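Next come the chains, spelled out residue by residue.
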Amino acid sequence: MKRNILFGTLALLAGSLVAANAAPKDDVTAAAKKLADKDNYAWKQKTENAGGGGFGGGTSEGKIEKDGYLWLSMSMRDNTIEAVKKGDKGAIKTQDGWQSLSEATSGDPGPATFAARRLQSFKAPAAQAEALAGQVKELKQDGDVYSGELTAEGAKSQLMFGGRGGGNGPEISGAKGSVKFWIKDGVLSKYEVKVQGTVSFNGNDRDVDRTTTIEVKDIGSTKIEVPDDAKKKL
């Protein structure tokens with residue numbers, strides 16, 4: 001009898017521990033889904049590489065409507081590229097005017113080509129945050145802030161940063177990282193991803209130490225105006 005009680009107590013403690021570990025992830029997932037359910041919102045993203053410079057650094061801004069348009073403005077080095085997307089169709093504004101994704105990726109490699117490929121697989125912050133929550137070993141809560149270490153695979157996927165994957169994709173080694181989420185009134189308001197590792201591509205090794213911060217704003221009051229020339233390419 002005592003043995004059964006002991007096993008029962010241990011099972012309850014184990015169940016409570018699992019529930020306690022899952023609760024922060026559930027909070028973040030729920031907050032991300034609440035953001036996704038909003039009619040619209042905007043965000044600002046800042047990516048910094050330790051020591052300055054480096055691939056992937058820069059700022060971008062975005063707007064999204066539920067079941068509507070996605071708009072992006074991406075700054076890469078000395079270039080600022082505007083892009084719009086609706087469903088699986090998108091368009092990029094280049095020096096030659098608006099181009100569809102297929103047109104932008106068929107020319108010589110350049111900023112527009114990179115932006116078009118990034119747009120093809122782009123996920124808005126709500127979806128990004130929900131995916132990130134699933135790539136964390138364990139989340140801990142401190143007030144409105146949730147933080148944790150990324151799994152090795154999670155850190156590796158973040159280091160890809162737009163890599164095409166497959167046999168021609170970069171090789172990743174020494175990947176590690178962490179993530180923080182901020183929640184306000186039950187809705188995701190900000191998150192930060194830090195990743196480190198070595199990216200090898202075409203025989204060249206590049207050490208990466210990158211921090212990306214995304215701040216959500218203008219929930220419910222964001223408006224997107226898409227030029228007619230862009231709509232024709234969608």
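Shown above is the structure to which this text applies.
Conventions adopted
- Residues numbered from 1 in each chain as written.
- Predicted model: local features only at pLDDT ≥ 70, side-chain atom pairs only at ≥ 80, totals over all residues.
- Heavy atoms only, no water.
- Helix = DSSP H or I, 4+ residues; strand = E, 2+ residues; numbered from the N terminus.
- Buried < 20%, exposed > 50% of the residue type's maximum accessible area, 1.4 Å probe, protein only.
- Polar contact = N/O pair within 3.5 Å; in protein donor to acceptor, adjacent residues only side chain to side chain.
- Contact = heavy atoms within 4.5 Å.
- Phe/Tyr/Trp six-rings, centres within 6.5 Å; stacked < 30°, edge-to-face > 60°.
- Lys NZ or Arg CZ within 6 Å of the ring centre and 35° of its normal.
- Salt bridge = Lys/Arg side-chain N within 4 Å of Asp/Glu carboxyl O.
- Arc of directions from axis to C-beta.
- Core = buried A, V, L, I, M, F, W, Y, C linked by side-chain atoms within 4.5 Å.
- Pairing = 2+ DSSP bridges.

Caption draft 1: Fine view of the side chain of Thr94. Tracing the sequence through the fold places Thr94 in strand E5 (residues 89-94). Take Thr94: its relative accessible area is 18%, and that puts it in the buried class. In this structure the side chain of Thr94 is engaged in a polar contact, spanning 2.8 Å, whose partner is the backbone oxygen of Gly97. Filtering out sequence-adjacent residues up to four positions away, Thr94 remains in contact with Gln99 and Ala112.

Caption draft 2: Spotlight on the packing of aromatic side chains. In this structure the tally under the stated criterion is 3 aromatic pairs. Between Tyr41 and Trp43 the ring centres are 5.8 Å apart and the planes differ by 50°, which places this aromatic pair in the tilted class. Trp43 shares its class with Tyr41; the two are buried. The ring of Tyr69 carries the charged tip of Lys86 above its face, separated from the ring centre by 4.8 Å. Taking the ring centre of Trp182 as reference, the NZ or CZ of Lys190 above it sits at 4.5 Å.

Caption draft 3: Focus on the environment of Thr211. Structurally, Thr211 is set in strand E11 (residues 204-217). Given the relative accessible area of 19%, Thr211 is considered buried. It is 9.0 Å that separates the C-alpha atoms of Thr211 and Gln196, two residues lying 15 residues apart in sequence. Look past the residues within four positions of Thr211 in its chain and what remains in contact with it is Lys46, Thr47, Glu48, Glu192, Val193 and Lys194.

Caption draft 4: Geometry of the pattern of salt bridges. Scanning the entire structure with this criterion turns up 4 salt bridges. The shortest N-O distance in the salt bridge between Glu130 and Lys33 comes to 4.0 Å. Separated by 97 residues along the polypeptide, Glu130 in helix H4 (residues 125-133) and Lys33 in helix H1 (residues 2-36) bring together distant segments of the chain. When its relative accessible area of 32% is taken as the criterion, Glu130 is described as partly exposed. The partly exposed category is assigned to Lys33, whose relative accessible area is 43%. Lys46 serves as the salt-bridge partner of Glu48, at 3.6 Å between the closest nitrogen and oxygen. Overall, Glu48 belongs to the partly exposed group, its relative accessible area being 44%.

Caption draft 5: Just H4, in detail. Turning to H4, its buried residues are Pro125, Ala126, Ala129, Leu132 and Ala133. Buried residues along H4 cover an arc of 130° about the axis, so they all sit on one side.

Caption draft 6: Looking closely at the nonpolar core. Of all hydrophobic cores here, the largest spans 43 residues; its most connected members are Tyr41, Trp43, Ile92, Leu150, Phe181 and Tyr191. With 6 residues, the single largest contributor to this core is strand E10 (residues 187-201). Residue contacts for Tyr41: discarding those within four places in its chain leaves Leu35, Gly62, Lys63, Ile64, Ala124, Pro125, Ala126, Val216, Lys217, Asp218, Ile219 and Thr222.

Caption draft 7: Region of interest: the pairing of strand E1 (residues 40-49). Burial of E1 is extensive: 7 of the 10 residues sit out of reach of the surface. Pairing between E1 and strand E2 (residues 58-65): 8 bridges, direction antiparallel. Across the sheet, Thr47 pairs through a bridge with Gly58, a residue of E2. Inspection of the sheet shows E1 paired to E11 by 8 bridges, in the antiparallel sense. Within E11, the position partnered with Asn49 by the bridge is Arg210.

Caption draft 8: Focus on the pairing of strand E8 (residues 145-149). Residues Tyr146 and Gly148 point to one face of E8 and are all buried, whereas Val145, Ser147 and Glu149, pointing to the other face, are not buried. Relative to E8, strand E7 (residues 140-142) runs antiparallel, the two sharing 3 bridges. From the neighbouring strand, Asp142 faces E8, where its bridge partner is Val145. The turn joining E7 and E8, which pair antiparallel and follow one another in sequence, is formed by 2 residues; a positive phi near 70° is taken by Gly143. Of the strand pairs in this sheet, E8 and strand E9 (residues 171-184) are connected by 5 bridges, and their pairing is antiparallel. Each bridged residue has a counterpart across the sheet, and for Tyr146 the counterpart in E9 is Phe181.

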